[in-house]
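Results of the structural survey
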Amino acid sequence: MKNFEIVGKAATPEIKKMFPTREQVGNQLFESLGIKEMEKTPLLREGMHAVNTLLSKELNELGLGNVVQISPDQWHFLSSESFDELSQRYSSNFEQVPAICDFLGNIYVNYDELEGDEMGLFHAMQHEAIHHTAASKAFLTGEMKMRPYRSGYSVTNAPRSESKPSAQLEGFNEGMTEMINEEILNKSGGTLKNFGFKGEKFTSRIYVEHRLLISTIVDKIVVTTGEDKETVWKDFKKGYFTGEMMHLRRVERVFGKKSLRVLAQFQAMSDKDDKRNTLIEDYFFTESEEERKRLSLEILGSMA
């Protein structure tokens, strides 16, 4: 399974051969930032190894047969001060998250925020590792600059632009990431005892609305089409890692025309004054076709 690709008119076969690996480019990017990272402790190294093992097992169960080997060099454990500095360098606000994965596969963890919370630490590590393993694409501009384009289901608009890009299906993508994360943690058995997982059922407390929305969509597809739930859910998971999206056409068959465009607007993090996510939830929760038509006009506005 090939999970990273450089695309764009400038990305000719000859040009792509000249580029180093994703890991090498990611390392070069981190070095250029000049941000100090913390030493990797034995516990952190154990966590990095466990992430690779559990993700490899998940991909194998999906029939993808890919061995996950996230290099230790792609993990960066930072102080809160360094994490804030990283946020400024990326011109982004990382205050609401304890870890991030950039489009080149670098995983940054705010260790100060998670120190002493081993369960929270591993949970955050694996969430970002799943992002790292998702089907990813970078857009190569004519100036030979790489920009984020695709990560899992999330697709960035106008990657050629110098302006701040916007993403479609970002909220859906985060919900998928955390649903996969929760599943893997609940299948880990007693292998994560040093991180506080003792075999009891783990219930995630992040992206709750996003996961509820996806569960509702999957359940309605199953009820409407008569398909096996495990088959539908497996297709959703496989698409996250392979980049295949045709199975999402089920959404339009069940919820109607423009429903994928509505789903694409669901945000990962929404401002408290922005009611769009609530409207989108109403759209997928209602059983009324007329109500969905009304809500789609309100959600999509001039895009409808």
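Above this note sits the structure.
So, here's what we can say about the structure. Here the structure is a predicted model, which is why all the values come from computation and not from measurement.

How each quantity is defined
Residues numbered from 1 in each chain as written. Predicted model: local features only at pLDDT ≥ 70, side-chain atom pairs only at ≥ 80, totals over all residues. Heavy atoms only, no water. Helix = DSSP H or I, 4+ residues; strand = E, 2+ residues; numbered from the N terminus. Rg over C-alpha atoms; globule rule 2.2 N^0.38 Å. Buried < 20%, exposed > 50% of the residue type's maximum accessible area, 1.4 Å probe, protein only. Core = buried A, V, L, I, M, F, W, Y, C linked by side-chain atoms within 4.5 Å. Contact = heavy atoms within 4.5 Å. Expected span 1.5 Å × (residues − 1). Pairing = 2+ DSSP bridges. Axes fitted to C-alpha atoms, helices over the stretch in contact; angles between N-to-C directions. Parallel < 35°, antiparallel > 145°, perpendicular 65-115°, else oblique. Left-handed = near helix turned anticlockwise from the far one by under 90°. Nonpolar A, V, L, I, M, F, W, Y, C, P; charged D, E, K, R; others polar.

1. Things to note about the overall build of the chain
- For the chain, the helix and strand inventory stands at 13 helices and eight strands.
- The C-alpha radius of gyration computed for the chain amounts to 20 Å, which stays within 12% of the reference 19 Å derived for 304 residues, consistent with globular compactness.
- Along the first, second and third principal axes, the C-alpha set of the chain runs to 55 × 50 × 40 Å.
- A total of 304 residues make up the chain; the buried ones form 49% of that total.

2. Topic: the nonpolar core
- Trp75, Val109, Phe122, Phe172, Met176, Phe236 and Phe284 are the most contacted members of the largest nonpolar core, which totals 65 residues.
- When residues in this core are grouped by element, the largest group, seven residues, is from helix α3 (residues 42–61).
- Setting aside residues up to four positions removed in sequence, Met176 forms contacts with Tyr153, Ile214, Trp233, Phe236, Lys237 and Tyr240.
- Counting residues in each nonpolar core, the second largest holds ten residues, with Phe30, Leu86, Phe94 and Ile100 among its members.

3. Describing helix α6 (residues 118–133)
- Between its first and last C-alpha, α6 extends 22 Å over 16 residues, near the 22 Å set by a 1.5 Å rise per residue.
- Among the 16 residues of α6, 14 are classified as buried, and the element is accordingly described as predominantly covered.

4. Here we look at the sheet that holds strand β7 (residues 154–156)
- The five strands are arranged β1-β5-β6-β7-β8 in an open sheet whose pairing can be described as mixed. Each end of this open sheet is capped by a strand with a single partner; those strands are β1 (4–7) and β8 (167–168).
- The pairing of strand β6 (residues 146–151) with β7 spans two bridges and is antiparallel. Counted as the bridge partner of Arg150 is Val155 from β7.

5. Brief notes about the packing of helix α12 (residues 276–285) against helix α13 (residues 289–300)
- In the contact formed by α12 and α13, the axes pass within 9 Å of each other and the chain directions differ by 160°. With respect to α13, the element α12 is oriented roughly antiparallel. Pair α12 / α13 crosses with left-handed handedness. Counting all contacts with α12, which are made through Arg276, Leu279, Ile280, Asp282 and Tyr283, the residues of α13 involved are Arg292, Leu295, Ser296, Glu298 and Ile299.
- The residue makeup of the contact of α12 with α13, split by class, is five nonpolar, one polar and four charged.

6. Side note on the pairing of strand β5 (residues 136–140)
- Across the five residues of β5, four count as buried, placing the element largely inside the fold.
- Judged from the four bridges that link them, β1 and β5 form a sheet pairing that is parallel. For Glu5, the partnering residue across the bridge sits in β5 and is Lys137.
- Where β5 folds back on β6, the antiparallel hairpin that results is connected by five residues, among which Met144 adopts a positive phi of roughly 65°.

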